[in-house]
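# Observations on the three-dimensional arrangement
The chain contents come next:
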Amino acid sequence: QVQLVESGGGLVQAGGSLRLSCAASGRTRYVMAWFRQAPGKEREFVAVISWSGDTTNYADSVKGRFTISRDNAKNTVYLQMNSLKPEDTAVYYCATALRVGRVRPDECNYWGQGTQVTVSS
């Protein structure tokens, strides 16, 4: 069993930055992913990181602006979001993933409750 708790969301102006955190408890030796879901849209993949942190993958829409990282000593995964755009507005979720790649939601087994990110224009 794994428990995931996201934090760090909020309201930011376009061009600004936020850093999301995902604290894990329980069994934590997982590939970890971030997803987001905007109102009326499907949940979409954002980024993924291997257990060691050596391998990452990003959605094209965030590549070059977002960085996923992890601190296994703290059982925490981060998503640094820079140059934010209004279209980045969504609820952001972390999840444990079954592989390192552009995973689908059905390839993730544990989920956090989400944290809201709102980017104003």
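This text goes with the structure placed above it.
Throughout what follows, the structure given in this document is the object of discussion.

About the cut-offs
Residues numbered from 1 in each chain as written. Predicted model: local features only at pLDDT ≥ 70, side-chain atom pairs only at ≥ 80, totals over all residues. Heavy atoms only, no water. Helix = DSSP H or I, 4+ residues; strand = E, 2+ residues; numbered from the N terminus. Polar contact = N/O pair within 3.5 Å; in protein donor to acceptor, adjacent residues only side chain to side chain. Contact = heavy atoms within 4.5 Å. Pairing = 2+ DSSP bridges. Axes fitted to C-alpha atoms, helices over the stretch in contact; angles between N-to-C directions. Buried < 20%, exposed > 50% of the residue type's maximum accessible area, 1.4 Å probe, protein only. Disulfide = S-S within 2.5 Å. Core = buried A, V, L, I, M, F, W, Y, C linked by side-chain atoms within 4.5 Å.

### Quick notes on the side chain of threonine 115
- Structurally, threonine 115 can be placed in strand E11 (residues 115-120).
- In terms of polar contacts, threonine 115 uses its side chain to reach the backbone amide nitrogen of glycine 9, at 3.2 Å.
- Sequence-distant contacts of threonine 115, defined by excluding residues within four places in its chain, comprise Glu6, Ser7, Gly8, Gly9, Leu20, Ala90, Val91 and Tyr92.

### Considering the sheet that holds strand E7 (residues 66-71)
- In spatial order, the strands read E1-E3-E8-E7; together these four strands make up an open sheet with antiparallel pairing. Of all strands in the sheet, those bounded by a partner on one side alone are strand E1 (2-7) and E7. Pairs of neighbouring strands in the sheet enclose a mean axial angle of 15 degrees, with direction left out of account.
- As defined by bridge partners, E7 adjoins strand E8 (residues 76-81) across six bridges and the pair is classed as antiparallel. Paired with aspartate 71 across the strands is threonine 76, a residue of E8.

### A closer look at the side chain of arginine 36
- By the secondary structure assignment, arginine 36 is in strand E4 (residues 31-37).
- Among the residues examined, arginine 36 registers a relative accessible area of 5% and is labelled buried.
- Side chain to side chain, arginine 36 and aspartate 88 meet in a polar contact 2.9 Å long.

### Quick notes on the state of the cysteines
- Going through the model one piece at a time under the given rule, you end up with one disulfide.
- Cysteine 108 takes part in no disulfide bond, and the closest cysteine sulfur to it belongs to cysteine 94, at a distance of 10 Å.

### Describing the nonpolar core
- The biggest cluster of nonpolar side chains holds 37 residues, and the ones touching the most others in it are Trp34, Val46, Phe66, Ile68, Leu79, Met81 and Tyr92.
- Valine 46 has contacts with Trp34, Phe35, Arg36, Asn57, Tyr58, Ala59, Val62, Phe66, Leu79 and Tyr92, leaving out every residue within four places of it along the chain.

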